[in-house]
Amino acid sequence: MTATTRPFRVLGIQQIAIGGPDKQRLRKLWVDLFGLKVTGTFRSERENVDEDICAIGTGPFKVEVDLMQPLDPEKKPAVHTTPLNHFGLWIDDLPKAVEWLTAQGLRFAPGGIRKGAAGFDICFVHPKGSEELPYGGEGVLIELVQAPPEVVRAFDALAAG
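The present account deals with the structure reproduced in this document. From a predicted model like this one, the values you see are computed outputs, not experimental measurements.

Criteria and cut-off values
Residues numbered from 1 in each chain as written. Predicted model: local features only at pLDDT ≥ 70, side-chain atom pairs only at ≥ 80, totals over all residues. Heavy atoms only, no water. Core = buried A, V, L, I, M, F, W, Y, C linked by side-chain atoms within 4.5 Å. Buried < 20%, exposed > 50% of the residue type's maximum accessible area, 1.4 Å probe, protein only. Contact = heavy atoms within 4.5 Å. Helix = DSSP H or I, 4+ residues; strand = E, 2+ residues; numbered from the N terminus. Pairing = 2+ DSSP bridges. 1 Å grid on protein atoms, 1.4 Å probe; cavity = no way out; pocket = protein on both sides within 12 Å on 5 of 7 lines; lining within 4 Å. Points joined across faces, edges and corners; volume = space filled by probe spheres on them. Nonpolar A, V, L, I, M, F, W, Y, C, P; charged D, E, K, R; others polar. Expected span 1.5 Å × (residues − 1). Arc of directions from axis to C-beta. Salt bridge = Lys/Arg side-chain N within 4 Å of Asp/Glu carboxyl O.

### A short note on the nonpolar core
Okay, so step 1: Core analysis: the largest hydrophobic core is formed by 14 residues, its most contacted members being Phe-8, Ile-91, Leu-101, Phe-108, Cys-123, Val-125 and Leu-144.
Okay, so step 2: Not counting the four nearest positions on each side in its chain, Ile-91 is found in contact with Phe-8, Arg-9, Val-10, Ala-97, Leu-144, Val-145, Gln-146 and Ala-147.
Okay, so step 3: Trp-90, Ile-122, Val-145 and Phe-155 belong to the second-largest nonpolar core, a separate cluster that totals ten residues.

Below, the structure written as structure tokens:
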């Protein structure tokens, strides 16, 4: 397999999601002590999450840092049971990536491509493979995020040098 056969590119880190039982303690560390800026909030019963969306960096190279606590610690998904819940990767063509990766045997989590907390189209690579789709995130939940045109252009300009 070569880069020329892959119909998409991973451009860079889009986000890091950190979970814990108490979002206020996470805010103390990441916002009060490290100085990240809170740029939004997201609350979803379906995803069992109450999160603060923070940012580090600026412009197209800004990385989102999500601070998450469960709405109900007894329900799934358990966003707090793994402190590093997941990380997100900017993808230049998410539909092509999902199609190609699925054909290669990569297992995706239920839900398909959908709008994420920050408004971008997203989907998740399942942490574990299955009999039918043998590859997964090797224990890590990976979010694939559709990069907006300005992010794709910025990464292209940086690569061109």
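### Some words on the environment of Leu-36
Okay, so step 1: If you trace the backbone, Leu-36 turns up in the loop between helix H1 (23-33) and strand E2 (37-44).
Okay, so step 2: Sequence spacing of Leu-36 and Ala-157 is 121 residues, and the spatial spacing of their C-alpha atoms is 26 Å.
Okay, so step 3: In this structure, Leu-36 is in contact with Trp-30, Val-31, Cys-54, Ala-55, Ile-56 and Val-65, ignoring residues within four places of it in sequence.

### With respect to the sheet that holds strand E7 (residues 121-125)
Okay, so step 1: Read from one edge to the other, the open sheet built from eight strands follows the order E2-E3-E4-E1-E5-E8-E7-E6, with strand pairing classed as mixed. Of all the strands in the sheet, the pair left with one neighbour each is E2 and strand E6 (114-115).
Okay, so step 2: Examined bridge by bridge, strand E3 (residues 49-56) and strand E4 (residues 63-69) share seven bridges and lie antiparallel to one another. For Asp-50, the partnering residue across the bridge sits in E4 and is Gln-69.

### A short note on the layout of surface pockets
Okay, so step 1: Approximately 920 Å³ is the volume attributed to the largest pocket.
Okay, so step 2: Contributing to the lining of the largest pocket are 37 residues, with Pro-77, Asn-85, His-86, Phe-124 and Leu-141 lying nearest its centre.
Okay, so step 3: Looking at the lining of the largest pocket, the elements that each hand over two or more residues are strand E1 (10-19), E2, E3, E4, strand E5 (84-91), E6, E7 and strand E8 (141-146).
Okay, so step 4: As for the second largest pocket, its lining consists of 16 residues, and the residues nearest its centre are Gln-14, Lys-62, Glu-64, Trp-90 and Phe-120.
Okay, so step 5: Only E3, E4 and helix H3 (149-160) provide two or more residues apiece to the lining of the second largest pocket.
Okay, so step 6: With three residues, the single largest contributor to the lining of the second largest pocket is E3.
Okay, so step 7: In terms of residue class, the lining of the second largest pocket is made up of ten nonpolar, three polar and three charged.

### Thoughts on the side chain of Asn-85
Okay, so step 1: Tracing the backbone through its elements, the reader meets Asn-85 in strand E5.
Okay, so step 2: By relative accessible area, which is 14% here, Asn-85 ends up buried.
Okay, so step 3: Excluding residues that lie within four positions of it along the chain, Asn-85 makes contacts with Ala-17, Ile-18, Gly-19, Met-68, Ala-78, Val-79 and Leu-141.

### What to know about H3
Okay, so step 1: Compared with an ideal rise of 1.5 Å per residue, which puts twelve residues at 16 Å, H3 spans 16 Å between its outermost C-alpha atoms and is within 8% of the ideal.
Okay, so step 2: Residues of H3 that are buried include every one of Val-151, Val-152, Ala-154 and Phe-155, and no others. Across the axial projection of H3, the buried residues extend over an arc of 165°, all falling on one side. Facing away from the buried side of H3 by more than 90 degrees, the exposed set consists of Pro-149, Arg-153, Ala-157 and Ala-160.
Okay, so step 3: Against the buried residues of H3 lie E1 and E5.

### A short note on the pattern of salt bridges
Okay, so step 1: With the rule as written, the count across this model stands at ten salt bridges.
Okay, so step 2: Of the charged contacts, one joins Arg-46 and Glu-47 as a salt bridge, the two residues approaching to 3.6 Å between their closest N and O atoms.
Okay, so step 3: Residue classification places Arg-46 among the exposed positions, given a relative accessible area of 59%.
Okay, so step 4: We note a salt bridge from Lys-96 to Asp-93, for which the minimum N-O separation is 3.9 Å.
Okay, so step 5: What makes Asp-93 partly exposed here is its relative accessible area of 22%.
Okay, so step 6: Among the charged side chains, a salt-bridge network with shared partners connects Lys-23, Arg-27, Arg-43, Asp-50 and Asp-52.

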